[in-house]
Amino acid sequence: MNFNEIKALDEGYVLQTYGRNQIAIDHGKGATLWDAGGKEYIDFTSGIGVCSLGYANETWARAVYDQAMKVGHISNLFYTEPYARLASKLVPAAGMSAVFFGNSGAEANEGMIKLARKYSYEKYGEGRAAIITLKNSFHGRTITTLKATGQDHFHEFFFPFTEGFRYAEANNMDSLLAAAGDDVCGVMMELIQGEGGVNPLEADYVRAVAELCAEKDWLLLIDEVQTGVGRTGTLFAYQQFGVQPDVATFAKGIAGGLPFGGFMVNEKCRNVLRAGDHGSTFGGNPVAAAAANVVLDTLSPDFLENVKEKGQYLRNGIAALKSSYVSGIRGMGLMIGVGVQGMSHRELKDRLMDEGLLCLTAGADTLRLLPPLVISKEEIERGLEIMARVMK
Ligand SMILES: *Cc1c(COP(=O)(O)O)cnc(C)c1O
């Protein structure tokens, strides 16, 4: 099918809930993609931080195929090896105690919220269920995670939302203290606000929040759905902020392109959710877990160091353009935000796409770059050349 035929089917039969780019992706290799018309693109999106090993990765595809040919799915009423092996590698590397596997970021955050409320209920009784989240955050699209998201425009139409969320300014302890109260059971945050505009939190602030949480026995709930699994140059971003969360979620990049997610808990939270308290039909699916094992096996210390170096290389390259359209460059590892001025971030994204470079937008004025973690120096250079053409 060509682009127009695919688009006609989409418009005819699919709910129009996305502002889609006007191309259809057909296939890829590494960090390079081709559309339905055969046009080539350098990919700085990895499907919003999902395809950590790029496209058509042989080891990943082989693991998916092999597991699909053994058993593609079986319920959590049975043990299987792939998720068990995955857990045994993921949990110690994250400095945590145990993990729950689900399918998506929002679902992972829902589980984390359930856990925080039950922890507090069992220890302190009713009336201590509020969770403080940060303004400009993004935590998902379910009724509860929309309300956890600290942006007013997500709190429309779908009433009634889940109660029990209050919002504090990022990097502002006074604002957090103003939102505090006897009814609070946890603080939930992203360490780099992704959808909100690639805004890293200050490490001092994060440590102060962690100390306050420890003092008040609030759970420190870190949403690593976008920042996790190597994206920032460490397995989890909190490992660069000098804090250890009580609960941390992950999703996007974990299985390199298959739907997978979950949350990890520390020792203190290990026995909160017990048989019957939480579950998921697809959670821990063998094929997705086999894919995630390949991703995790790839993230060696050298590989992660290389993610940091490539991120620095890309940031330096953008700075060297001395483009009047760039108001600032933020981020860590291969999670990069470029502040855009003199043109809208969406227009810049479209112009780059026309020239053969795929990027994302975030917040009000940010071009967001989340290339596959395996992107080569040559692919980065080709992306920078396109940026130079469009932005100089
Ligand atoms: C993408 C994202 C989510 C939602 O993940 P889904 O898989 O789309 O449900 C939640 N939190 C953060 C930080 C995200 O970036």
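Structure: see above.
In what follows, the accompanying structure is described. (Residues numbered from 1 in each chain as written. Predicted model: local features only at pLDDT ≥ 70, side-chain atom pairs only at ≥ 80, totals over all residues. Heavy atoms only, no water.)

Concerning the side chain of Ser97
Relative to the assigned elements, Ser97 resides in the loop between α4 (81-93) and β4 (98-102). There is a polar contact of 2.9 Å between the side chain of Ser97 and the side chain of Glu267. Not counting residues up to four positions away in its chain, the partners in contact with Ser97 are Val91, Val265, Asn266, Glu267 and Arg270. (Helix = DSSP H or I, 4+ residues; strand = E, 2+ residues; numbered from the N terminus. Polar contact = N/O pair within 3.5 Å; in protein donor to acceptor, adjacent residues only side chain to side chain. Contact = heavy atoms within 4.5 Å.)

Description of the pattern of salt bridges
A side chain of one charge can pair with a side chain of the opposite charge when the charged atoms of the two come close. Applying the stated criterion across every chain yields a total of 18 salt bridges. For Lys89, the salt bridge identified is with Asp297, shortest N-O distance 2.9 Å. Placement of the pair is Lys89 in helix α4 and Asp297 in helix α9 (residues 286-298), with a sequence separation of 208 residues. Using a relative accessible area of 25% as the deciding quantity, one classes Lys89 as partly exposed. The partner of Arg389 in a salt bridge is Glu355, and the shortest N-O contact between them spans 3.2 Å. Separated by 34 residues along the polypeptide, Arg389 in helix α12 (residues 377-391) and Glu355 in helix α11 (residues 345-355) bring together distant segments of the chain. (Salt bridge = Lys/Arg side-chain N within 4 Å of Asp/Glu carboxyl O. Buried < 20%, exposed > 50% of the residue type's maximum accessible area, 1.4 Å probe, protein only.)

A look at the packing of α4 against α9
Across the interface, α4 lies against α9 with an axial gap of 8 Å and an inter-helix angle of 30 degrees. Between α4 and α9 lies a crossing whose hand is left-handed. Facing Pro82, Tyr83, Arg85, Leu86, Lys89 and Leu90 of α4, the residues of α9 in contact are Pro286, Ala289, Ala290, Ala292, Asn293, Leu296 and Asp297. (Axes fitted to C-alpha atoms, helices over the stretch in contact; angles between N-to-C directions. Left-handed = near helix turned anticlockwise from the far one by under 90°.)

Looking at the sheet that holds strand β1 (residues 25-29)
Strand pairing in a sheet takes place through backbone hydrogen bonds and is either antiparallel or parallel in direction. Read across the sheet, 4 strands follow the order β1-β2-β3-β15 without closing on themselves; strand pairing throughout is mixed. Looking at which strands have only one partner, the edges of the open sheet turn out to be β1 and β15 (357-358). Inspection of the sheet shows β1 paired to strand β2 (residues 32-35) by 4 bridges, in the antiparallel sense. Bridge pairing in β2 links Lys29 to Thr32. Running over the sheet, α12 touches β1, β2, β3 (40-43) and β15 and is turned about 105 degrees from β3. (Pairing = 2+ DSSP bridges.)

Considerations on the pairing of strand β11 (residues 247-250)
By the alternation rule, side chains of β11 split into Val247 and Thr249 and Ala248 and Phe250, which are all buried. As defined by bridge partners, strand β10 (residues 219-223) adjoins β11 across 3 bridges and the pair is classed as parallel. Across the sheet, the residue bridging to Asp223 is Thr249, located in β11.

Looking at the nonpolar core
The biggest cluster of nonpolar side chains holds 90 residues, and the ones touching the most others in it are Met189, Leu352, Leu369 and Met387. For this core, the leading source of residues is α9, giving 8 residues. Sequence-distant contacts of Leu352, that is, excluding residues within four places in its chain, are made with Leu357, Cys359, Leu367, Ile386, Met387, Val390 and Met391. (Core = buried A, V, L, I, M, F, W, Y, C linked by side-chain atoms within 4.5 Å.)

Some words on the sheet that holds strand β17 (residues 366-369)
Read from one edge of the open sheet, 4 strands run β13-β14-β17-β16, paired in antiparallel fashion. Looking along the sheet, the strands with just one partner apiece sit at the ends: β13 (326-332) and β16 (360-362). Ignoring which end each strand starts from, the neighbouring axes of this sheet average 30 degrees apart. Alignment of β16 against β17, held across 3 bridges, turns out to be antiparallel. Following the sheet pairing, Leu360 is matched in β17 by Arg368. Each of β13, β14 (335-340) and β17 is contacted by helix α10 (residues 301-320), which is oriented at about 175 degrees to β13, the strand it contacts most. Sitting on the sheet, α11 touches β14, β16 and β17, and the angle it makes with β17 is about 45 degrees.

Regarding the site of the ligand
Around the ligand, a shell composed of Ser104, Gly105, Ala106, Asn109, Phe138, His139, Glu190, Asp223, Val225, Gln226 and Lys252 is seen. Between a nitrogen atom of the ligand and a main-chain N or O atom of Phe138, the distance comes to 3.3 Å. At 2.7 Å from an oxygen atom of the ligand is found a side-chain nitrogen or oxygen belonging to Gln226. Protein chains bury 81% of the 390 Å² of accessible surface belonging to the ligand in isolation. By residue number, the principal contributor to the shell around the ligand is helix α5 (residues 105-124), which donates 3 residues. When its residues are assigned to classes, the shell around the ligand shows 3 nonpolar, 5 polar and 3 charged. (Near = heavy atom within 4 Å. Areas by Shrake-Rupley, 256 points an atom, 1.4 Å probe, with all protein chains shown as cover. Nonpolar A, V, L, I, M, F, W, Y, C, P; charged D, E, K, R; others polar.)

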